[in-house]
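Residue-level listing of the chains:
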Amino acid sequence: MSKTDWATLSNNFVYSSMGIIFIAFISFAFQTAWSFRVEPLAHETLKTKSMKYTKAGRIGIALAILGFIFLSAGVVARGVSAGRVPWGNMYEFSITGALAFLFAYLVTLRKYKVQWLGLIVTLAVLLTLGTAVTLLYVPTAPLAPALKSTWLVIHVCAAIISGGVFLLANCVAAAYLIMDRYEDEDGNENRPNWAKQLPTLAELDQLSYRLVALVFPLWTFAVIAGAIWAEAAWGRYWGWDPKETWAFITWVAYAAYLHARVTAGWKGKRAAWLCLFAGSTFLFNYVYVNIWGAGRHTYSGL
Amino acid sequence: MSYEIKTPELGTIGLLRWLWRQLTSMRTALILLLLLGVASIPGSIIPQRNQDPTQVQQYFVNNPTLAKVFDKFSLFNLYSSTWFSAIYLLLFISLIGCVLPRTWEHFKNIRALPPLTPKNLIRLEEFRTFESRKSADEILVIARAHFSKRRYRIRDCDASVAVEKGFIRESGNLLFHLSLIGVLIGVSAGVLGGMRGSAIVNEGESFTNVATSYDSLSAGRLFKLSEFPPVTLKVLKFTAIYDPLTNAPLDYSLILDVTESGKLDSRRVEVKVNKPLTFGSTRIYLQANGFSPKVTVRDNAGKIVLSGAIPFLPQDGNLTSIGAIKVPDLTPTQLGIVGSFLPTAERDKIRGGFSSYPEALNPRLLMAAWLGDLGLDTGVPQSVYRINTAKMERVGLQSLAPGQVWELPGDIGSITFDGVTKWVNLQIVRDPGKPFALLGAVFALMGLLISLFARRRRIWIRTVLGENTSSSGVIVEIAGLSRSPGLAEEIDALVKVLKEKRGDDE
Ligand code: HEM
């Protein structure tokens, strides 16, 4: 197969995965919609498998896994067509980032009951992939000289995985803030039907903390690896380039979040807001600095 | 006032103490940390002098009033400004004041035993109780063996055992914070004892490491150029390879002959973008490249007044470059050539002349000749790529291919375009703090991993003689405390072990 064949194959895989994830999204939407109609009395039987919406949720997850497989194939084929790791421009960062995000969700699903997050996760993946194929798409091209380094693999891989998990933690924190509205002063949760199957507030709070605590070291590593690479490529390990500055801000924000959780005992609402804030600094770095920012990180290929 | 005068010493010391306690509190550190993050934002939006000085100048032209305000608050050199430094220095003082006492405390506790068993286990987490046929001693012996296998610290109390694990969590935490101080020391050592300079060198020419051969040089307060062994670098060949489809650069390679001082023979090395040349804590990087048109200027008598390769500054991906040829030694008046160089010249209706490829396949030198006063004696530093034409007059335009000659209008002389060569920008950087910063970062990461993943927990096991138990058995009570997950599993495992063997009932 020639390089262009591989590139076409990659595009086909990416488009197919979008189709599959779209159907997954629809299934999750049905799951949520049907659960609105469950009679309050029936809520005891929510867990029975025969319920329509439980089925819809299961179909959604099965499709999300299938979509994940297709998207992985798309990313790999893209790498083969370029003859390098598929992280050379913003289109490639976006499809790999969507993959990492979906992966983080599927892994979390094994340990926590987060099926209900499927709706948000598939939507976010679709938006990312949609932007990637319409606005960011560029044909495969070789790497710029500064990117020819083992550090590309190490630094960018660590950054993308961290990004996927940060995004998931943001989804959980957002869910916390939404569910928090249904809690009364005595701590009873008077949730509407569709939200009854969701984890308790305490569980959501714990989950977003665990996700952040898990990847914060990886993010630290990504920044250190970036600094080592910058030293080799640009002659300084830290230069307050806009991308570096925002990486630092994200790091500080999550460090503050961990501090607030662990030493100041912040929980619940305030912690969730801080988590959302820290996550948005990461997104800002990806969107703003890549597209409008100046500086040396101009590899977005736009 | 009078109160202060009466007890000045107590007051000052008390105040200082209070200030110190405030500064070293967790809350202050947290606020300073967030402040540092927020304070670094403007620098990613407002151009910075050390990164892009021309854009800063442009800012002054476009928004003069705003620029003046920004400049007042050092927003164009934010990261080296006093107020930014003040934030991080305070943060690190706060960190030191917070961490050093804790480290000392932790060190003293290195052999400390877990706390005594609390009276009321029922109030703690994961309380379990069951009746056992084993004797109290048996229970405690089994529990002790179980936990010593799992490397807990064990304390025997009255009819109970207290165990504790995860001391290393605090060690990791302290390591992390102390290492951050190490990073700061490394960074400061680099700033104070380091230097950074750059020089543009044409292919075939040499660079010798003395202060006058740098185009720009900035050094820390503690840096002495004399410590820096002189070397001579001869630029033998620079090769750039481009992708013929996209014109994007694929690879840059620079071949240098390096002669160290006191040595006669040189060695040949290759420098690439990710592969700098290293001498101790000094490294030499390949930073940028471009074309230098070679020209010869003759006066009307045919005498050569200027000859050489003149570096032009690339403007786009196809290396359309601009530059200036300044000829002060021509009579009757000075000559300035505003030039633009097209490596692969093409022409169309819309753009006029442009370059379609970054290699010199069809080179053209476009020139505008200006006569008058170049303004070189005013003392104001000038860009080597531009000419201040305020006091000059344009006398002609010409485009030359290599080998062609332009007889300048007014019979003042001629200019020959002899050909083209390449230049590279060498960046010479010395940073003695680098290894310390790296070491600090690596230790910080290790500390972080330990402090986030080591699990800290305390568990207590007590045996109580049952009031109504007719048998020789006891009631076992177990409870624990933990900030990390997994306590329930740990206690379940213990219960299982205690219930095992000799068929105990519930
Ligand atoms: C102090 C050093 C560095 C820091 C703190 C840093 C920070 C970051 C961060 C936070 C990201 C990921 C998030 C995002 O995409 O928005 C990133 C991505 C990336 N970095 Fe760096 N970086 C550093 C040095 C370097 C160097 C030296 C290179 C290469 C020459 C490099 C190349 C890239 C590339 C290619 C990406 C991929 C995605 C993108 O641009 O968005 N980085 N860096």
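In this text the structure is predicted, and so the values were computed from the model without any measurement. (Residues numbered from 1 in each chain as written. Chains lettered and ligands numbered in written order. Predicted model: local features only at pLDDT ≥ 70, side-chain atom pairs only at ≥ 80, totals over all residues. Heavy atoms only, no water.)

(A) Representation of the UniProt feature "transmembrane region" (unreviewed entry) in chain A within the structure. If you check UniProt for "transmembrane region" (unreviewed entry), the listed places come out as residues 12-36, 56-77, 89-109, 116-138, 150-178, 211-234, 246-264 and 271-289 of chain A in our numbering. The span residues 150-178 of chain A is 100% helix and 0% strand, and its two end C-alpha atoms sit 43 Å from each other. (UniProt positions renumbered as here; feature names shortened; annotations may be inferred. Helix = DSSP H or I, 4+ residues; strand = E, 2+ residues; numbered from the N terminus.)

(B) The arrangement of helix 8 (residues 136-149) of chain B in detail. Residue and element names in this part refer to chain B. Taking 1.5 Å per residue, 14 residues should reach 20 Å; helix 8 reaches 20 Å between its end C-alpha atoms and fits that length. All of the buried residues in helix 8 are Ile139, Leu140, Ile142, Ala143, His146 and Phe147. Relative to the axis of helix 8, the buried residues are bounded by an arc of 160° and lie together on one face. For helix 8, exposure combined with an orientation more than 90 degrees from the buried face picks out Asp137 and Lys149. Contact partners of the buried residues in helix 8: strand 1 (125-132), strand 2 (153-157), strand 3 (160-165), strand 22 (457-464), strand 23 (474-482) and helix 11 (487-499). In the segment just after helix 8, Arg151 is the residue with positive phi, at about 55°. (Expected span 1.5 Å × (residues − 1). Buried < 20%, exposed > 50% of the residue type's maximum accessible area, 1.4 Å probe, protein only. Arc of directions from axis to C-beta. Contact = heavy atoms within 4.5 Å.)

(C) Representation of the interface of chain B and chain A. With 45 residues of chain B at the interface, the matching set in chain A holds 45 residues. Summing the contributions of chain B and of chain A, the shared interface buries around 3,600 Å²; its carbon and sulfur component is 67%. At the surface where chain B touches chain A, the tally comes to 2 salt bridges. Between Lys434 of chain B and Glu231 of chain A there is a salt bridge; the shortest N-O distance is 2.8 Å. (Buried area = accessible area lost by both parts, 1.4 Å probe. Salt bridge = Lys/Arg side-chain N within 4 Å of Asp/Glu carboxyl O.)

(D) Seen up close, the domain arrangement of chain A. Residues and elements named next belong to chain A. If you check the domain split of chain A, you get domain 1 (1-142) and domain 2 (145-301). Listed by partner, the interface residues are 31 residues for domain 1 and 31 residues for domain 2. For the domain 1 face of the interface with domain 2, the top three residues by lost area are Trp87, Met90 and Trp116, together amounting to 26%. For the interface between domain 1 and domain 2, the tally reads 0 salt bridges. Those elements that place two or more of their residues in the side of domain 1 that touches domain 2 are helix 1 (3-36), helix 3 (90-111) and helix 4 (118-136). (Domains from an automatic or database assignment.)

(E) Spatial organisation of the confidence of the model for chain B. All names here are of chain B. Per-residue confidence for chain B gives a mean pLDDT of 87; residues scoring 70 or more make up 95%. Taking the mean pLDDT of every element in chain B, the minimum, 46, falls on helix 1 (residues 2-6) and the maximum, 94, on helix 10 (residues 434-453). Low pLDDT, under 50, characterises residues 1-8; the predicted model gives this stretch 0 contacts beyond four residues in sequence or across chains. Both scores are given for the predicted complex: the pTM is 0.83, the ipTM 0.79. (pLDDT = per-residue confidence, 0-100.)

(F) Structural detail: the domain arrangement of chain B. Taken domain by domain, chain B consists of domain 1 (12-108), domain 2 (123-165 + 461-503), domain 3 (191-289 + 427-443) and domain 4 (292-420). Computed from C-alpha atoms alone, the centre-to-centre distance between domain 2 of chain B and domain 4 of chain B is 90 Å.

(G) Broad picture of the sheet that holds strand 5 (residues 206-208) of chain B. All names here are of chain B. Here 4 strands make up an open sheet; going across it, the order is 5-7-8-9 and the pairing antiparallel. Lying at the two open borders of the sheet, with one neighbouring strand each, are strand 5 and strand 9 (267-271). Shown here is a sheet whose adjacent strand axes are inclined to one another by a mean of 30°, direction ignored. Two strands pair when backbone bridges link them, and strand 7 (residues 231-242) and strand 8 (residues 249-260) are joined in this way by 11 bridges, in the antiparallel orientation. Within strand 8, the position partnered with Val231 by the bridge is Glu260. (Pairing = 2+ DSSP bridges. Axes fitted to C-alpha atoms, helices over the stretch in contact; angles between N-to-C directions.)

(H) A look at the side chain of Ser160 of chain B. Residue and element names in this part refer to chain B. Within the element layout of this structure, Ser160 appears in strand 3. Overall, the relative accessible area of 1% leaves Ser160 in the buried class. Separated by 2.7 Å, the side chains of Ser160 and Thr117 make a polar contact. Not counting residues within four places of it along the chain, the set of residues in contact with Ser160 comprises Thr117, Leu140, Arg155, Ile461 and Arg462. (Polar contact = N/O pair within 3.5 Å; in protein donor to acceptor, adjacent residues only side chain to side chain.)

(I) Quick look at the sheet that holds strand 1 of chain B. Residue and element names in this part refer to chain B. Strand order in this open sheet of 5 strands is 1-23-22-3-2, and the pairing throughout is antiparallel. Every other strand in the sheet has two partners, leaving strand 1 and strand 2 as the edge strands with one partner each. Neighbouring strand axes in the sheet, compared pairwise and without regard to direction, differ in orientation by 15° on average. In this sheet, strand 23 lies alongside strand 22 in antiparallel orientation, the contact comprising 8 bridges. Note on strand 23: the bridge partner recorded for Arg458 is Leu481. Here helix 11 sits on the sheet and contacts strand 1, strand 22 and strand 23; the angle it forms with strand 1, its principal contact strand, is near 10°.

(J) Fine view of the nonpolar core. Tyr105, Leu117 and Trp219 of chain A are the most contacted members of the largest nonpolar core, which has 111 residues in total. Beyond its immediate chain neighbours, meaning those up to four positions away, Leu117 of chain A contacts Tyr105, Leu168, Cys171 and Val172 of chain A. (Core = buried A, V, L, I, M, F, W, Y, C linked by side-chain atoms within 4.5 Å.)

(K) Summary view of the environment of Asn12 of chain A. Residue and element names in this part refer to chain A. Tracing the chain through its elements places Asn12 in helix 1. Given a relative accessible area of 45%, Asn12 falls into the partly exposed group. With 58 residues separating them in the primary sequence, Asn12 and Phe70 have C-alpha atoms 9.3 Å apart.

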